[in-house]
Amino acid sequence: MKLVLTTVISLLALSFFVMDASAEPGRRQGDGPFGMDGPGFGPPGAIMERIAKHVDLDDVQRESIKNILEAAKPEIKALRERAKANRDAMRELQADDPNRSSIVINIAVENGEIATQGTLLFDRVHTEVHAVLTDEQRQTLEESRAKLREGRENRREKGRRGGKRGEPESTE
C-alpha cells in the first residue's frame, strides 16, 4: 500500500511538471541559451534569437537550426495537445466521481509518458542544434549558460528583497 501511495504521489508530482511543460504558445519559456532551460520549448523564432544572441550564426547555420526546430514543431504541438487534454480532464473531474482515483492515476501515467517523450525530443533537438555549431560557438554558449546559472543562483540566494532568504532585510 505504501509503495502504491508513493508511486501515485510521484506520478502526480510529475504530472504537474508536465502540465507546466506544455505551456500555451506565447508563454515565456526557459531563459537558457537555447531558450529551452525551463520546462517546455519556446516558439522556434524565439529559440533561434536566443541562440543568435549568444553566438554569431552564419546564414547556413541559421537555416539549419530553423529546419531542425521546424521539423520538431509537430511533435512539440502533439505533446502540448496531449498535456492540455490531461489538464482539461483534471479540471473537469468531479471530487465525488467514484472512478476519480483510477482516472487520476491514468492521467498521471499519461503525463509521465508525455514528460519522457518531451525529454527525449528536447535532447534530440539539442543534439542536432549542437552539431550545427562550431567548437568556438559551443564554448561561447557554455560560457553563457554558466553565467545564466550563476546569475540565477545569485538571485535565488539574495531573494526578492536583496538579502539572503530567512535573514531580515537590510535597513541601510
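The structure under discussion appears in the preceding block.
Note that the structure is predicted; figures quoted are calculated from it, not measured.

What counts, and at which threshold
Numbering of residues starts from 1 in each chain and follows the order in which that chain's sequence is written. In keeping with the model being predicted, local features are shown solely for residues with a pLDDT of at least 70 and side-chain atom pairs are shown and tallied solely at 80 or more, while totals for entire chains, interfaces and linings include all residues. Excluded from the side-chain calculations are hydrogens and water; all other atoms, namely the structure's heavy atoms, are used. A helix here means a DSSP run of H or I that spans at least four residues, while a strand means a run of E at least two residues long, and both kinds are numbered starting from the N terminus. Between two residues, a contact is recorded if the distance between any of their heavy atoms is within 4.5 Å. Here, Shrake-Rupley sampling with a 1.4 Å probe gives the accessible areas, and only protein chains in the shown set may cover a residue. Throughout this description, the term nonpolar core refers to a set of buried Ala, Val, Leu, Ile, Met, Phe, Trp, Tyr and Cys residues connected via side-chain atoms within 4.5 Å. The rule is simple: take the accessible area with a 1.4 Å probe, protein chains only, and divide by the maximum for that residue type; under 20% is buried, over 50% is exposed, in between is partly exposed. Note on geometry: axes are C-alpha line fits, over the in-contact stretch for helices, and angles between N-to-C directions span 0 to 180 degrees. Any angle from 65 to 115 degrees is called roughly perpendicular, while one under 35 is roughly parallel, one over 145 is roughly antiparallel, and all others are oblique. Salt bridges, as used here, are contacts in which a Lys or Arg side-chain nitrogen is within 4 Å of a carboxyl oxygen on Asp or Glu. Every helix has an expected span of 1.5 Å times one less than the residues it contains.

Visitor: Go over the overall build of the chain, please, and point to the residues and values.
Guide: Within the chain, the regular secondary structure consists of 5 helices and 0 strands. Ordered by position from N to C terminus, the α and β elements of the chain give α-α-α-α-α. Residue pairs at least 24 apart in sequence account for 60% of intrachain contacts in the chain once pairs closer than 6 positions are excluded. Just so you have it, the chain exposes about 11400 Å², and 54% of that area is on carbon and sulfur atoms.

Visitor: Any details on the nonpolar core? Residues and values, ideally.
Guide: Ile51, Leu57, Ile65, Leu121, Val125 and Val129 are the most contacted members of the largest nonpolar core, which has 19 residues in total. Put simply, the parts of the chain that give this core at least two residues each are helix H2 (44–54), helix H3 (59–92) and helix H4 (100–132). With 7 residues, the top contributor of residues to this core is H3.

Visitor: Mind laying out the packing of H3 against H4, listing which residues take part and the relevant values?
Guide: Viewed as axis vectors pointing N to C, H3 and H4 meet at an angle of 170 degrees, and their least axial separation amounts to 10 Å. Of the possible angle classes, the one that applies to H3 and H4 is roughly antiparallel.

Visitor: Hey, could you go over the pattern of salt bridges for me, with residue numbers and the actual values?
Guide: All chains considered together, the criterion is met by 11 salt bridges. Arg138 serves as the salt-bridge partner of Asp135, at 2.5 Å between the closest nitrogen and oxygen. Taken together, the residues span about one helical turn, with Asp135 and Arg138 both in helix H5 (residues 135–158) at a distance of 3 residues. Among the residues examined, Asp135 registers a relative accessible area of 61% and is labelled exposed. For Arg138, a relative accessible area of 22% corresponds to the partly exposed category. A salt bridge links Arg149 to Glu142; its shortest N-O distance comes to 3.0 Å. Since its relative accessible area comes to 39%, Arg149 is described here as partly exposed. For Glu142, a relative accessible area of 37% corresponds to the partly exposed category. A single salt-bridge network, built from bridges that share partners, covers Glu75, Arg124 and Glu128.

Visitor: Tell me what's going on with H5, and back it up with residues and numbers.
Guide: What sets the pattern is the α-helix's 3.6 residues per turn: residues three or four places apart point alike. With 24 residues, H5 ought to run about 34 Å at 1.5 Å a step, and its terminal C-alpha atoms sit 35 Å apart, in line with that. All of the buried residues along H5 are Gln137, Leu141, Ser144 and Arg145. Residue Gly159 follows H5 closely and has a positive phi angle near 75 degrees.

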